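Inside the fold
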Amino acid sequence: MGLLLSPGPSFVTALWAVWRAGGVAVPLSATHTAPELTHALRTAAPEATVVERDPGAETIAAAACGAWLGRRIDFTVFSRAAAAAPTAPDGDDAGDGDPGAANAGDDPAVMLFTSGTTGKPKGVVLSHAGVEATLNALHEAWRWQKDDRLLHALPLYHTHGLIVALLGALWAGASIRFAAFDAPATWDLLAEASVFMAVPTMYVRLLEAFSTTTQERRAGWAAGARGVRLFTSGSAALPATILAAFAEATGQTILERYGMTEIGMALSNPYDGPRIAGSVGTPLPGVQVDIVDDSGHPAVDGQAGELRVRSPQLFVGYHGDPTGTAASYDDAGRFRTGDTGVRSTDGYIRLLGRTSVDILKSGGYKLSALEIEDILRGHPAIADVAVIGVPDPVWGDCVTACVVPRSDADAPTLDDLRAFAREALAPYKLPRALRVLAALPRNAMGKVQKSLLK
Ligand code: MCA
Ligand code: AMP
């Protein structure tokens, strides 16, 4: 069942209904274009999609539905009045009802789309048992409590917002305040929260707002943040400068952790004990993280290699792609993350980057350079194109299009490219920078040498 609903009680109600009915939830995003949504719907083939009565969501769903082989999608509308309902049931009532049809264990629970190195996003299927393993690991490691109050500002169609934050809180019977991220408003709301989870870009934005507001407001925000028991960061590298600046502003040391849609959460700095800047900590309970050198041998402490993971949290597979699923594991049955890291003698792991230059992270969203190139290549003034991620203090990677124009006189501008690609790509995938070149550097095999471009 597709869920095209913005974060809030309607989403939670629909998610629970799908699970109680024994279905698989496929959270979708209204920020995605009709072609992107069509790809997700075509891949997941849900029997129906729950759509909010919101002009944006309805229009986009209608476009995707129409383009999608005529398969019928039921538009079930949830009233905004449901927003008044509490998000977490009272502890004593939580077990009410017959779990009869509900699935569990190895049954698929959710399909989340994530970008890969081969172009269009892949549907990652997670089981109830896998999700439960993530929740149990984090519940213990981060000391979730029933009286926690989570300030939720993340999108719900990815692991971070859906599983780590939303389900993490509900698993503990805690309560949730949904509020779309907006730096000043988020600062104000922190005064009522005990837990806040974010991607690094959000902390950058919070600090920008902090440094540009009045002294009085700054004091109020700092006091509010001091009452929060846990700030976490993940989905992309948290710069050490941001960790330090946030600690100076609020007295709070952000807890950084590492995960991936396919593997759930693997590494975390400790709740008690030193949270080390630039480090993603040690394996969570039940998780094995090996670091393997280029020839497949275990790396020694201090030696860089690829992170390989064995964990009860691992995904069921890429939907409809058994070959891709099998290829994502090594011979020892460990998931190949594509992330490079190094373990120091104290057991903490630092991430050094990704093995593929074609995977970018912008504001915590994973992007495929190839997916963006495929669209830009259709621009009539472009003869050749390569997309790279250039390090950026706000976004992590700045999506940069390196373009060879068909003629100098006709070279496209950044605005042209963005306007052209906007039809097909979500706003966060659009290029933010443009370099016009006479030719792209290629090796003897004709492959673009992206490291040279960078
Ligand atoms: C928004 N824009 C972006 C991004 N977000 N551009 C590039 N990268 C982005 N991530 C665009 C907007 O469309 C807009 O474009 C312009 O930037 C300014 O928008 P603004 O309002 O300033 O941004 P925002 O809407 O506040 O969004 C920033 C954000 C958002 C809140 C940081 O990107 C976000 O929610 N990121 C979270 C991603 C996430 O949940 N990732 C988890 C993946 P224009 O000017 O054209 O209108 S799960 C994962 O990674 C694993 C499992 C893990 O470990 O967690
Ligand atoms: P996704 O495919 O959207 O689930 O993104 C997973 C990827 O996000 C990982 O493979 C890492 O490259 C990256 N990631 C997650 N957490 C961190 C972190 N704390 N530091 C650096 N990269 C991270």
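To keep things clear, this report deals only with the structure shown in the data block. (Residues numbered from 1 in each chain as written. Chains lettered and ligands numbered in written order. Predicted model: local features only at pLDDT ≥ 70, side-chain atom pairs only at ≥ 80, totals over all residues. Heavy atoms only, no water.)

**Quick look at the site of ligand 1**
- Around ligand 1, 27 residues are found, and the nearest of them are S235, R257, K361, S362 and R432.
- In the environment of ligand 1, an oxygen atom lies 3.3 Å from a nitrogen or oxygen atom belonging to the backbone of G259.
- Within the backbone of G364, a nitrogen or oxygen atom sits 2.9 Å from a nitrogen atom of ligand 1.
- Isolated, ligand 1 exposes 1000 Å² of accessible area, and the fraction of that covered by the protein chains is 76%.
- Where the shell around ligand 1 is concerned, the elements lending two or more residues are α5 (159-171), α7 (200-212), β11 (255-260) and β19 (359-362).
- Among the residues making up the shell around ligand 1, the classes are represented as 11 nonpolar, 10 polar and 6 charged. (Near = heavy atom within 4 Å. Polar contact = N/O pair within 3.5 Å; in protein donor to acceptor, adjacent residues only side chain to side chain. Areas by Shrake-Rupley, 256 points an atom, 1.4 Å probe, with all protein chains shown as cover. Helix = DSSP H or I, 4+ residues; strand = E, 2+ residues; numbered from the N terminus. Nonpolar A, V, L, I, M, F, W, Y, C, P; charged D, E, K, R; others polar.)

**Description of unusual backbone geometry**
- The residue R143 is not glycine, and still its phi comes out positive at about 60°.
- Here R143 lies in the loop between α4 (128-141) and β7 (149-152).

**Some words on the site of ligand 2**
- Every one of the 16 residues lining ligand 2 counts as a neighbour, but E256, R257, T261, D339 and K361 are closest to it.
- Contact between ligand 2 and K361: an oxygen atom at 2.8 Å from a side-chain N or O atom of the residue.
- Contact with the protein chains covers 93% of the free accessible surface of ligand 2, which is 500 Å².
- Secondary structure elements with two or more residues in the shell around ligand 2: β11 and β18 (349-354).
- Ranked by residues supplied to the shell around ligand 2, first place goes to β11 with 5 residues.
- For the shell around ligand 2, the class distribution of residues is 6 nonpolar, 4 polar and 6 charged.

**Side note on the pattern of salt bridges**
- Within this structure, the stated rule accounts for 16 salt bridges.
- One salt bridge in this structure joins K429 and E371, with 3.2 Å as the shortest N-O distance. Of the two residues, K429 sits in the loop between α12 (414-421) and β23 (433-436) while E371 sits in helix α11 (residues 369-376), which places them 58 residues apart along the sequence. One exposure class covers both K429 and E371, and it is buried.
- Connected through salt bridges with shared partners, the residues D290, E306, R308, D330 and R334 form a single ionic network. (Salt bridge = Lys/Arg side-chain N within 4 Å of Asp/Glu carboxyl O. Buried < 20%, exposed > 50% of the residue type's maximum accessible area, 1.4 Å probe, protein only.)

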